[in-house]
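# Tertiary structure, described
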Amino acid sequence: MPSFTMTEGGFAVGDYVVFGTLCSLSCAGGIWYSAVGSRTKAVRDLKDYLLGGKSMSTFPVAMSLIASYVSGVTILGTPAEIYNYGTQYWLVIVGVALSCLIVATMYLPVFCTLRLSSSYEYLQLRFNRHVRAVASFLFLLDEVLFLPMVIYVPALAFNQLTGFNVFAVAGGMVLICGLYTSLGGLRAVVWTDSWQTGVMFIGVFLVAIAGTLSVGGVSTIFETAAESGRLELSNWSFVPYERQTGWGAVIGGFLYWTCFNSVNQTMVQRYISLPSKRKAITALGIFCIGAMLAISLCVWCGLAAWTAWVQGGCDPRGAPLVDDRLLPAFVTYVANVQRLPGLAGVFLAGVFGAGLSSLSAVLNACALVVVEDIMHGWMQIRLRPMVEGILARSVTGILAVSSLLMLLVIQKLGGVLGVATALSAIASSSTCGIFTLGMGCWWVGPRGAIAGGIAGAVVAGTISMGTQVAAATGLRSPPLNFTSECVKNASFVFEHSTVDPESLFPLFRLSYHWIAPLGLLATILVGAIVGWFFDERDDSKMDAELYFPLVWRWLPPDAIERAGEIRRIIATKEMDTPAPSSPLILGKITDKQVPKDETSR
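These numbers were taken from a predicted model, which means no experiment stands behind them. Counting restarts for each chain, with residues numbered from 1 along the sequence as it is written. In keeping with the model being predicted, local features are shown solely for residues with a pLDDT of at least 70 and side-chain atom pairs are shown and tallied solely at 80 or more, while totals for entire chains, interfaces and linings include all residues. The side-chain quantities take in all heavy atoms of the structure and omit both hydrogens and water.

## Re the overall build of the protein
Note the cut-off: Only DSSP runs of H or I covering at least 4 residues are called helices, and only runs of E covering at least 2 are called strands; the numbering of each starts at the N terminus. Here's how the labels work: a residue is buried when its accessible area is under 20% of the maximum for its type, exposed when over 50%, partly exposed in between, all with a 1.4 Å probe on protein chains only. Whether two residues are in contact is decided by their heavy atoms: any pair within 4.5 Å suffices. Surface accessibility follows the Shrake-Rupley procedure with a 1.4 Å probe radius. Residue values consider only the protein chains on display as shielding.
Broken down by element type, the protein carries 22 helices and zero strands. Expressed as a percentage of the 601 residues in the protein, the buried residues total 61%. Intrachain contacts of the protein at a sequence separation of at least 6 include 86% that bridge at least 24 residues. A total accessible area of about 22,400 Å² is found for the protein, and carbon and sulfur atoms account for 67% of it.

Spelled out as structure tokens, the structure:
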């Protein structure tokens, strides 16, 4: 059995052909919706451009939901996590299932009932426009920190397999994605995401099957993983400093995914693009199954790569702690062992598809937030549809360029899975906390919401940045045990962490699983307390439809009596307001304009 060394790479002619064909088909779909679809009614006004006319189909939206989260970070980061720390992380799928259940029963009914253009518009209805602005800026901060990870991972995989410069690949990726995202709007994003998500699943599935065959089958993988302790799911320690525990994966994963799935604009934008709540819940269910399947496939790829390393004699060049180049190297190893030309091309197309789909989803959501929430909602400025369309596209370009510049920072940090989770937890936990205060705590007003949001962001941000600084200086959690054969390998030298954990502030040693829960807890506690003592009751906000269905029984009587009042006011305003008919970029321009005295909802 040849040694697996983590240095494998190389792209053959067949790989280039397969990769080029799949990526061309993927981008062609997005460009078609940009150039052809924009000549139709599909994107004649800003809401159609950003929300797809609220008439999208269920399955494409579900695939786009999967693409919004299951990016290249998951594909490359999860196998490396399993290779280093074992299968304890796999329990995060329990958290995913619980999260989808909570979103379907608590958050989704509120958004689908109100039928808003942006999730943050809810905060203006429940609190005021300043709270809406705070959440919007937190969301933009979240995406500015997360976007570089989405771009870096596919570029890293391409570099590992072909040798091309990371920044050149990232620049090409941003250019391709920015083209169809900025021109085609949500329709182009959703339909392109569907294709790219399919390619992603095909790529990872083929690697899992071929990798299993290359090491001797399913039983061999189970035996090797069990001997080295990588198959254990029994670590239910309450110590928060351990990187992977059962409680961390289940509870931390549940709260992190809830923060992301419940109120994040990239997700809610797709829920409300569907015509009914039933279809939104169906799409959420498909997303749940797809996300659990994708994570499980990546976990299996990590175990297969570990088995290949052990069978090859535990070459020191492949010893834990390995980085995120693991899966690209393993793909090349499997392609050589099994003589499968084109496998690396399919895999890389899947990674690129996952990255492009996540990137397009985030860019489109950020454009909506800037126009709908910050400009319309907070600044109360409305421009001609053509101007707003250009502004939305400018936001897309600026975010894409800024994410390229931040790649310099990302390269200095640790594994992408932990880094992405830690950074995105800063804003997602505090934002989810603000929404939870609004939907569950009827006594909380604007003061409590803003105070809670700031507290959550400070707590999560301090812990997240502290842990990343520690990782950049050399702190890494030790990997799990090796097999007896590896211990006997005289050439093997374990790479120890260069930083003494005891020398760091305790919060900076926390597992990344606990950052989102702590940020969420801080937001809710501070917000509830401040709201109780300092907020005054506003009867105009006491509408039962603004709250979780589960808390209706505890609401004041006024809230039940006013149920549906705000929704009817919104519907009346929409009927009284002329719909803009100017196309954004392509198509014939009409003379209709938005009235100067039109006010924001």
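Don't stop here, the text continues.
## Description of helix 7 (residues 129-162)
Because each turn of an α-helix spans 3.6 residues, side chains separated by three or four positions end up pointing in the same direction. Basically, it comes down to this: Helix span, expected: 1.5 Å multiplied by one less than the number of residues in the helix. Two N or O atoms form a polar contact when they lie within 3.5 Å of each other; inside protein one atom must be a possible hydrogen donor and the other a possible acceptor, and for residues adjacent in sequence the pair counts only when both atoms belong to side chains.
With 34 residues, helix 7 should reach 50 Å at 1.5 Å per residue; the first-to-last C-alpha distance of 49 Å fits that figure. By the criterion of burial, helix 7 is predominantly enclosed, with 27 of the 34 residues buried. By the N-cap criterion, in which a side-chain oxygen at the helix start approaches the backbone nitrogen of a residue two or three places on, helix 7 is capped by Asn128, the distance to His130 being 3.0 Å. Following helix 7 by one or two positions, Gly163 adopts a phi angle in the positive range, close to 90°.

## Section: the packing of aromatic side chains
The relative placement of two aromatic rings is captured by the distance of their centres and the angle of their planes. Put simply, the test is: Think of it this way: a Phe, Tyr or Trp ring, Trp meaning its six-membered ring, pairs with another when their centres are within 6.5 Å, and the plane angle makes it stacked under 30 degrees, edge-to-face over 60, tilted otherwise. Only Lys NZ and Arg CZ are tested; either one counts as a charge over a ring when it is within 6 Å of the ring centre and within 35 degrees of the ring normal.
Within this structure, the stated rule accounts for 26 aromatic pairs. Where Trp236 meets Trp247, the ring centres are 5.0 Å apart and the plane angle is 75°; that geometry is what we call edge-to-face. Of the two residues, Trp236 sits in the loop between helix 9 (218-227) and helix 10 (246-263) while Trp247 sits in helix 10, which places them 11 residues apart along the sequence. When the centroid spacing of 6.1 Å and the interplanar angle of 40° are considered together, the rings of Trp257 and Phe287 count as tilted. Of the two residues, Trp257 sits in helix 10 while Phe287 sits in helix 12 (residues 277-311), which places them 30 residues apart along the sequence. Cluster of aromatic residues (ring-pair linked, three or more members): Phe11, Tyr16, Phe19, Phe158, Phe164 and Phe352. Geometry around Trp306 places Arg230 over its ring, the cationic atom sitting 3.6 Å from the centre. Its end group placed over the ring of Trp554, Arg553 keeps NZ or CZ at 5.4 Å from the ring centre.

## Here's the deal with the environment of Leu297
With respect to the secondary-structure elements, Leu297 resides in helix 12. Relative accessible area serves as the criterion here: at 13%, Leu297 is assigned to the buried category. Spatially, the C-alpha atoms of Leu297 and Ile209 are 9.6 Å apart, while their sequence positions differ by 88 residues. With near-sequence residues (within four places) excluded, Leu297 lies in contact with Phe201, Val204, Phe205 and Ala208.

## Describing the confidence of the model for the protein
Threshold: The pLDDT value tells you how sure the predictor is about a given residue, anywhere from 0 up to 100.
Residues with a pLDDT of 70 or more make up 82% of the protein, whose mean pLDDT is 81. Ranking the helices and strands of the protein by mean pLDDT puts helix 20 (residues 515-534) first, with 96, and helix 2 (residues 46-51) last, with 50. Below pLDDT 50 for its whole length, residues 40-45 participates in 20 contacts with residues either more than four positions away or in separate chains. Contacts of residues 578-601 to residues separated by more than four positions or lying in other chains number 52 contacts, the stretch itself having pLDDT below 50.

## Looking at the packing of helix 12 against helix 13 (residues 326-338)
Heads up, the condition is: Only the contacting stretch of a helix is used when fitting its axis, a line to C-alpha atoms as for every element, and angles between N-to-C directions run 0 to 180 degrees. The sense of a crossing depends on the near helix, which, turned anticlockwise from the far helix by less than a right angle, makes the crossing left-handed and, turned clockwise, makes it right-handed. Only Asp, Glu, Lys and Arg are considered charged, only Ala, Val, Leu, Ile, Met, Phe, Trp, Tyr, Cys and Pro nonpolar, and every remaining residue, Gly among them, polar.
Their axes nearest at 10 Å, the elements helix 12 and helix 13 cross at an angle of 65°. Between helix 12 and helix 13 the crossing geometry is left-handed. Taking contact as the criterion, the partners of Cys301, Ala304, Ala305 and Ala308 in helix 12 are, on helix 13, Leu326, Leu327, Phe330 and Tyr333. Among the residues making up the contact of helix 12 with helix 13, the classes are represented as eight nonpolar, no polar and no charged.

## Concerning unusual backbone geometry
Of note, the amide linkage connecting Pro320 to Leu321 takes the cis form, showing an omega dihedral of 15°. Tracing the chain through its elements places Leu321 in the loop between helix 12 and helix 13.

## Let's talk about the pattern of salt bridges
Going by this rule: Any carboxyl oxygen of Asp or Glu that lies within 4 Å of a side-chain nitrogen of Lys or Arg is treated as forming a salt bridge with it.
Enumeration according to the criterion identifies seven salt bridges in this entry. Between Asp558 and Arg537 there is a salt bridge, with the nearest N and O atoms lying 2.7 Å from each other. Taken as a pair, Asp558 in helix 21 (residues 557-561) and Arg537 in the loop between helix 20 and helix 21 lie far apart in primary sequence, 21 residues in all. Take Asp558: its relative accessible area is 28%, and that puts it in the partly exposed class. We note a salt bridge from Arg562 to Glu565, for which the minimum N-O separation is 3.1 Å. The class of Arg562 is partly exposed, set by a relative accessible area of 27%. Take Glu565: its relative accessible area is 30%, and that puts it in the partly exposed class.

## Some points on the nonpolar core
Worth spelling out the cut-off: Throughout this description, the term nonpolar core refers to a set of buried Ala, Val, Leu, Ile, Met, Phe, Trp, Tyr and Cys residues connected via side-chain atoms within 4.5 Å.
Ranked by internal contacts, the top residues of the largest apolar core, which has 165 residues, are Phe4, Ile75, Tyr122, Phe287 and Phe330. If you tally residues by element for this core, the top one is helix 12, at 20 residues. If near-sequence neighbours (up to four positions away) are discounted, Phe330 is found in contact with Phe4, Val207, Gly211, Cys301, Ala304, Ala305 and Ala308.

## Section: the environment of Cys23
Here Cys23 is to be found in helix 1 (residues 13-35). Residues Cys23 and Gly353, 330 residues apart in the sequence, show an inter-C-alpha distance of 7.4 Å. Among all residues touching Cys23, those that are not within four sequence positions of it are Ala349 and Phe352.

## Focus on the state of the cysteines
Definition in use: Two cysteine sulfurs form what is called a disulfide whenever their separation falls within 2.5 Å.
Per the counting criterion, the structure on display carries zero disulfides. Looking at Cys298, it has no disulfide partner, and the nearest cysteine sulfur is the one in Cys301, 6.1 Å off. Residue class for Cys298 comes out buried when judged on its relative accessible area of 1%.

## Quick notes on the packing of helix 4 (residues 72-85) against helix 7
Under the convention used in this document: To sort the angles, those under 35 degrees are grouped as roughly parallel, those over 145 as roughly antiparallel, those from 65 to 115 as roughly perpendicular, and the leftovers as oblique.
Running from amino to carboxyl end, helix 4 crosses helix 7 at an angle of 60°, the nearest separation of the two axes being 8 Å. Classified by the interaxial angle, the pair formed by helix 4 and helix 7 is oblique. Here the hand of the crossing between helix 4 and helix 7 comes out left-handed. Taking contact as the criterion, the partners of Gly72, Val73 and Leu76 in helix 4 are, on helix 7, Met149, Val153 and Ala157.

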